[in-house]
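Chain and residue survey
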Amino acid sequence: MGITDSKLAFRKGVFRLFEERFWLLPESVDDVFSLVGASDIRRVRDQARENLETLLEKIVDRLITLLYDPAFPSSSTATLQVLNCVRVLTRLMPFIYESEELVEWEDRLFWTADESSKEDREDAKEGEVSVLDLLFLVGFTIPSTIATDTSRINHVIWETGVGSSTPITSSKECDSNRTETLRLLIVLLSKSMYTQPSVVLAKENRWTHHVVARTERKVVLALLCSLLNTAVKYNPLGWGVPYNHVVFSDPRELLVTLCLQNLLVLLDYHSPGHAHYQTDALPHAIPVVASGSGSTTPSIQDPEKRALAERERPATTGTDPLTAVEFAEVPSSPITEQKPSGSKDGKETTVQDNAFRYYLSKLHRAQDFQFLMDGIYRILSNPMQANNTYLPGSTKQVRCHVEMMMLCWKLLEINKRFRNYLLETDRVLDVLVVLLYYALEYKLNAAQIGLVRMCAFILQTLSSDRAFGVKLNKVFDGHSSLPPNVRIQAFHGSYADFLIISIYILIATTRGSLSTLYPALLLTITNVSPYLKNLSVVSSNKLVSLFGSFSAPGFILADEGNHRLVEYLLEAFDYVIQYQYADNSHFIYAVIRSHGKFEDLHNFTLAKGLAEVERLRLAKEEKRRLAQLAAEQLKIQATGDAAEDGAARSLLSHAESSGDGNLAAASAAESLDEKTALARADDNDDQHAGPLSPNIVTSPTYLEAGRPQEDLGPLSEKARGKLPENAPARTFSSSSLNSNGTTDVRRRSTSSLLVPPHQGVVAVGKNGFVPTEDWVATWHPNLPLGTTLTLCQHLVPQVEDLCSTQSPTTDGQVLEFLRAATLVGILPHPRPVHVRRFVWGEALVIWFRSLLWGQAYVASLSSFGVWNGTYIRLFQIKHANPMLAAQQAHGHSHLQSHVGAGVHGAHDNSAQVGSAQVGAAQASS
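Residues numbered from 1 in each chain as written. Predicted model: local features only at pLDDT ≥ 70, side-chain atom pairs only at ≥ 80, totals over all residues. Heavy atoms only, no water.

**Quick notes on the packing of helix α20 (residues 449-463) against helix α36 (residues 842-860)**
When two helices pack together, their arrangement is given by the angle between their axes and by how far apart the axes lie. Note the threshold: A fitted line through C-alpha atoms represents every axis, and for helices the fit uses only the stretch in contact; the resulting angles, taken between N-to-C directions, go from 0 to 180 degrees. In this description a helix means any DSSP run of H or I spanning at least four residues, a strand means any run of E spanning at least two, and both kinds are numbered starting from the N terminus. For classification, angles of less than 35 degrees are called roughly parallel, those exceeding 145 degrees roughly antiparallel, those between 65 and 115 degrees roughly perpendicular, and all remaining angles oblique. In this scheme the handedness of a crossing depends on how the near helix is turned from the far one: anticlockwise by less than a right angle means left-handed, clockwise means right-handed. By the convention used here, residues are in contact when the closest approach between their heavy atoms is within 4.5 Å. Throughout, the ten residues Ala, Val, Leu, Ile, Met, Phe, Trp, Tyr, Cys and Pro are labelled nonpolar, Asp, Glu, Lys and Arg are labelled charged, and all others, Gly among them, are labelled polar.
Running from amino to carboxyl end, α20 crosses α36 at an angle of 130°, the nearest separation of the two axes being 11 Å. With respect to their mutual orientation, α20 and α36 come out oblique. Regarding α20 and α36, the two cross each other, and that crossing is left-handed. Across the interface between the two elements, Gly 450, Arg 453, Met 454 and Phe 457 of α20 pack against Leu 844, Trp 847, Phe 848 and Leu 851 of α36. The class makeup of the residues in the contact of α20 with α36 is 6 nonpolar, 1 polar and 1 charged.

The following block contains the structure:
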């Protein structure tokens, strides 16, 4: 029997053959995924379930027999047999998870104790422990040179770094075996992918819970450090030779990706009943407005004198970050521990249901943090380097940067010492640049919206610490080295200026597509505003411009919570004025020059707001109507010009044949020149609105009225003859000119304001929100306008007097006057700094989990697609090409895809929050 016949025999008898050849027939993972189709698995699962059950039992028994063989590998085929067991389990488990009818069968098969056995041991635990032990099996995933006398399983850390300074040799075979074993582990943990988002937090994932809560301490530490060090130590550039990735493949990137995915899944898991999320509905879909530091220290108003009492004291240094003081006091069960004496109740309670999170939170050595940050930044900065080279495509661009960003966020969340390390060094500025790069790079990419959201939330997480705001005042010297697409032209300023201008660009150039991120972006500015000094002219003007757009009536009245964005900006202005007045003359000058915006907001009423919205609506309709008329005129003139051109060319041809070519050529050239001049004039008259349009109704500042009909000039006799029947002929009239003889541009739009605004119920925005007087009364009196209005009332008359008496030629004289001015005793008492921290809510946890599993799904498409063709419930899958849905059944289809998942709005339900979009660009089989 040949090789092909043997593989066909394996395909036919995979669910009934348990002979020796069954474990040897597949020679690669591609054989298993190509020979065992999805339809075959579903047929056996639904029609011959007893065969599937027998197959699973035989595979687990065979795997355990080989794993705990003291002489492994006892034969030349032992490694292949283990790999085939791993491959078949990887292929089968997703189809078991997808069937809701198999829930009870799965519990009985995997989680019910075997009554015939004297040992109370469950098959699922047995199988999952076997998979974890496979990751440390000598001769399989661990080099044979470090075998022990007692067991072939040696829980050593794969790479040097956290928890290990002794390197162990490795090989391509070991890396390949680790990759396949980790692929099986991520499949076993993927039960959540087949759970509805509305119940994913309430329903326990027994597979993941067993790993994070019931695994031995030494296995947890070895696995945690191995996954962490392997991922962080990866260097995609290698020797730095250009185009080396084109010549040589890099299988280690797949291993690093699987390490990151498994680590993130384990760190993200919380057992139902142990996790404490923000359950109250937060206003305006802001999962970020929880305030307060949780500290019992008194509030200190001056930010420069605020003590860092919130921070924990650095832990006692030890020789090993995972086995020193912290771990020496860990009880035998990593799930419970005794609260320190400084806690409120001091009682023993369940404070950790996840051993991986617990041990990661205990890292404390600075060299470990430096090692982690170097590796994280190496991966996160790789796309920036790849897009900023003189040789296009010469630098390899990794695809695991999203997972590495998630790991960085988890470290900031879990380990406060790591966060303090970043804030106390300049490495936090490197993280800031990377976050802004990804946000600006993918702001218009719908498939990467999840990454943009994550960047905005991490920015707010960092902004809640005073040290971050102080660091932002450092001059940004490395701006010129950024990729051109995110580089700000003629930029000279600090990191604070770069942050403010970048946030302005994110809001101004996305036309509302990032509206759910406005709160996080503005709160980032508000949190750091008490510490900002020497803001540049550009960043100061951008801040005031943001305020003008968000305070426009069309935006405020469009949604119930839009006024909060104005409050956040006003708070930021208050903090700058109260705490950093002397060091921000450019910002003070920008506020004074735009004092009318603050006064208009102070005098805002619902009637005035609706009148302004109506005026803008009529102006836009008038502009659209005039544009249509202009287009019709151009079409008519183009038809007439075409006829004239044809006549001119005929005349030219006839004249040339008759010998009188000079006169005919001059006449034709004159006709064509007139046509070209008209086209150029029309092009010069085209105007575009400004880029900043976050509101549904355009702000008055950026609204540009269209030209009136009279400005287009009178129609020619021929054009009037070609007008449609009953079309009004356009002529100049004396009534269309003002006293100066110019056209009255605003006559039509301003006349509409004589009509009173709508007296009935009216919805301004697209969401159907109807503003009322009672609604305006709930927030308008509470706007923090006092400090800014007092500043304007005091300084605006003085600046106007200065300009009228001294006639300054430059802004420098005004700025010098503002620096010397004092507001002591004039401004109201400074308000305490109110920090709004990022708080995880249930909707955000579902979003993050769907984003994580969506990334895992997309990454798997380039390597056999272990979940391809199964019914995913946690998120939605959308392909750019509908024909790809039919190709999903072929497990080895290679798709270049992207995933984006996020919170979609203020009132999204759990299913919408947990959705992910997968766009497939290409497919090849």
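**What to know about empty space enclosed by the protein**
Gaps left between atoms are located by rolling a probe of water-molecule size over the structure's atoms. Put simply, the test is: Note on definitions: the grid is 1 Å and covers protein atoms alone; a cavity is a set of points where a 1.4 Å probe fits but cannot get out; a pocket is an open set with protein on both sides within 12 Å along at least five of seven lines; lining residues have an atom within 4 Å of a point. Grid points are joined across faces, edges and corners, and a volume is the space filled by probe spheres set on the points.
Under the defined criterion, the tally for this structure stands at 6 cavities of 30 Å³ or more. As a volume, the second largest cavity reaches approximately 80 Å³. Lining of the second largest cavity is provided by Arg 183, Ile 186, Leu 254, Thr 257, Leu 258, Gln 261, Ala 856, Ala 859, Ser 860, Ser 863, Val 866 and Trp 867. It is helix α12 (residues 252-268) that provides the largest number of residues to the lining of the second largest cavity, a total of 4 residues.

**Let's talk about the pattern of salt bridges**
The condition is simple: A pairing counts as a salt bridge when a side-chain nitrogen of Lys or Arg comes within 4 Å of a carboxyl oxygen of Asp or Glu. Exposure is judged per residue with a 1.4 Å probe applied to protein chains only, and the accessible area is read against the type maximum: over 50% gives exposed, under 20% gives buried, and values in between give partly exposed.
This structure, assessed with the given rule, holds 28 salt bridges. Close ionic contact of Asp 46 with Arg 45 constitutes a salt bridge, the shortest N to O distance being 3.0 Å. As a salt-bridge pair, Glu 159 and Arg 252 come within 2.6 Å of each other at their nearest N and O atoms. With a gap of 93 residues between them, Glu 159 in the loop between α7 (123-134) and α8 (172-188) and Arg 252 in helix α12 connect regions that are remote in the sequence. Exposure remark for Glu 159: the relative accessible area of 15% places this residue in the buried category. One salt-bridge network, in which partners are shared between bridges, spans Asp 268, Arg 357, Lys 410, Glu 413 and Arg 849.

**Remarks on the packing of aromatic side chains**
Quick note on the threshold: Between rings of Phe, Tyr and Trp, where Trp is taken as its six-membered ring, a pair exists when centres lie within 6.5 Å; planes separated by under 30 degrees are stacked, by over 60 edge-to-face, and by other angles tilted. Lysine NZ or arginine CZ positioned within 6 Å of the ring centre and within 35 degrees of the ring normal marks a charge as sitting over the ring.
According to the stated counting rule, one finds 37 aromatic pairs in the structure shown. Look at Phe 573 and Phe 598: their rings are 6.0 Å apart centre to centre, the planes differ by 65°, and that puts the pair in the edge-to-face class. Of this pair, Phe 573 sits in helix α26 (residues 563-579) while Phe 598 sits in helix α28 (residues 595-602), and the two are 25 residues apart along the sequence. Residue class for Phe 598 comes out buried when judged on its relative accessible area of 0%. An aromatic cluster is defined as three or more aromatic residues linked by ring pairs; in this entry it consists of Trp 409, Phe 457, Phe 838, Trp 840, Trp 847 and Phe 848. A cation over an aromatic ring shows up here: Arg 178 above the ring of Trp 158, its NZ or CZ 4.5 Å from the ring centre.

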